[in-house]
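# Residue-level structural notes
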Amino acid sequence: MSTVDIEPEAVFDVVDLLGVLTNGILGGVVARQLRMDLVGFVVLAIISGLGGGMLRDTLLQHGFPVALTNPAYLTTALVGALVAYLMAFGSRWTFRALFVADCLSVGCWAATGTVKAFGAGLAWPPAILLGVVTAVGGGMIRDIAVGRLPAIFGGNTLYATSALLASTLMALLVGLGHPTWGMAGAIVLSAVVSVAARRFGWRLPGPANLSPSALTKLRRRPATRQDDDGT
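So, here is what we can say about the structure in this document. (Residues numbered from 1 in each chain as written. Predicted model: local features only at pLDDT ≥ 70, side-chain atom pairs only at ≥ 80, totals over all residues. Heavy atoms only, no water.)

## Section: the nonpolar core
Counting 25 residues, the largest nonpolar core has Val20, Leu50, Ala135, Ala163, Met183 and Ile187 as the members making the most contacts within it. When residues of this core are traced back to their parent elements, those giving at least two are helix 1 (8-33), helix 4 (71-86), helix 5 (92-119), helix 6 (124-145), helix 7 (159-175) and helix 8 (179-200). At seven residues, helix 5 tops the list of elements feeding residues into this core. The contact partners of leucine 50, leaving out residues within four places of it in the chain, are Val20, Ala67, Tyr73, Leu74 and Ala77. (Core = buried A, V, L, I, M, F, W, Y, C linked by side-chain atoms within 4.5 Å. Buried < 20%, exposed > 50% of the residue type's maximum accessible area, 1.4 Å probe, protein only. Helix = DSSP H or I, 4+ residues; strand = E, 2+ residues; numbered from the N terminus. Contact = heavy atoms within 4.5 Å.)

## Some remarks on unusual backbone geometry
Even without glycine at this site, arginine 35 takes up a positive phi of about 55 degrees. On the secondary structure map, arginine 35 appears in the loop between helix 1 and helix 2 (38-60). Despite not being glycine, glutamine 61 shows a phi value in the positive range, around 55 degrees. Among the secondary structure elements, glutamine 61 is positioned in the loop between helix 2 and helix 3 (66-69).

## Description of the environment of leucine 38
Its location among the elements puts leucine 38 in helix 2. Sequence separation between leucine 38 and leucine 82 is 44 residues, and the spatial gap between their C-alpha atoms is 8.4 Å.

## Examining the packing of aromatic side chains
All chains considered together, the criterion is met by four aromatic pairs. Plain terms: the ring middles of phenylalanine 41 and tyrosine 85 are 5.1 Å apart, the flat faces sit at 85 degrees to each other, and that makes the pair edge-to-face. Taken together, the positions of phenylalanine 41 in helix 2 and tyrosine 85 in helix 4 put the pair 44 residues apart, joining distant regions of the chain. Classification of phenylalanine 41 by relative accessible area gives buried; the value is 3%. You can call tyrosine 85 partly exposed: its relative accessible area is 37%. Note on phenylalanine 99 and tyrosine 159: the rings are 6.5 Å apart at their centroids and 65 degrees apart in plane angle, and the pair reads as edge-to-face. Placement of phenylalanine 99 in helix 5 and of tyrosine 159 in helix 7 is noted, with a sequence separation of 60 residues between them. Each member of the pair, phenylalanine 99 as well as tyrosine 159, carries the same accessibility label: buried. Sitting over the face of the ring of tryptophan 93, arginine 96 holds its NZ or CZ atom 4.6 Å from the ring centroid. (Phe/Tyr/Trp six-rings, centres within 6.5 Å; stacked < 30°, edge-to-face > 60°. Lys NZ or Arg CZ within 6 Å of the ring centre and 35° of its normal.)

These results come straight from atomic positions and should not be treated as a statement about function.
What follows is the structure, given as structure tokens:
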């Protein structure tokens, strides 16, 4: 009986393109909510599916963005736009499937962004930063394009946090010489954190309400009972 060897790179390419398709559909869903025409669907799908990677490649300045040199990426984003244009996503299970696929793609994009930054000669902090930019940049640009506060700035399912964790794990395992394990671990970690955040309602804490007067009161120690009694 013969066995079929599946290259890890092929699996990651499939996950990468799945993320492009998913985010292309999500961009189209936003276009449908705003009652845009077909051009709006195409533009938001391309921004959502390819924006983070194009922003990363532009910052790295190492040739043309992959989204422009590999026709599979642009084609997949356009397919996502067409799917969202033709279908109304009203089913709860449909949105759950899109959400899980999106969570997987966040980890994949965070890992690939980190690896590409290392390949360009960057150190750990900027490599991790570019990993996060790759993962959440497309959604952020899409929200800005339609006049919304980017979802990663609050009230979401910790996308940016999961991308940060995935990028950090990828950087650690690349440093240890295990990039394949890093890619797989980043995908799993991101998906677990994002799904758990939605399931249990995890959110990052909001801003504190300290003021100069409050800090002054904290510095003032109250008089002890012994001092009040004069003894």
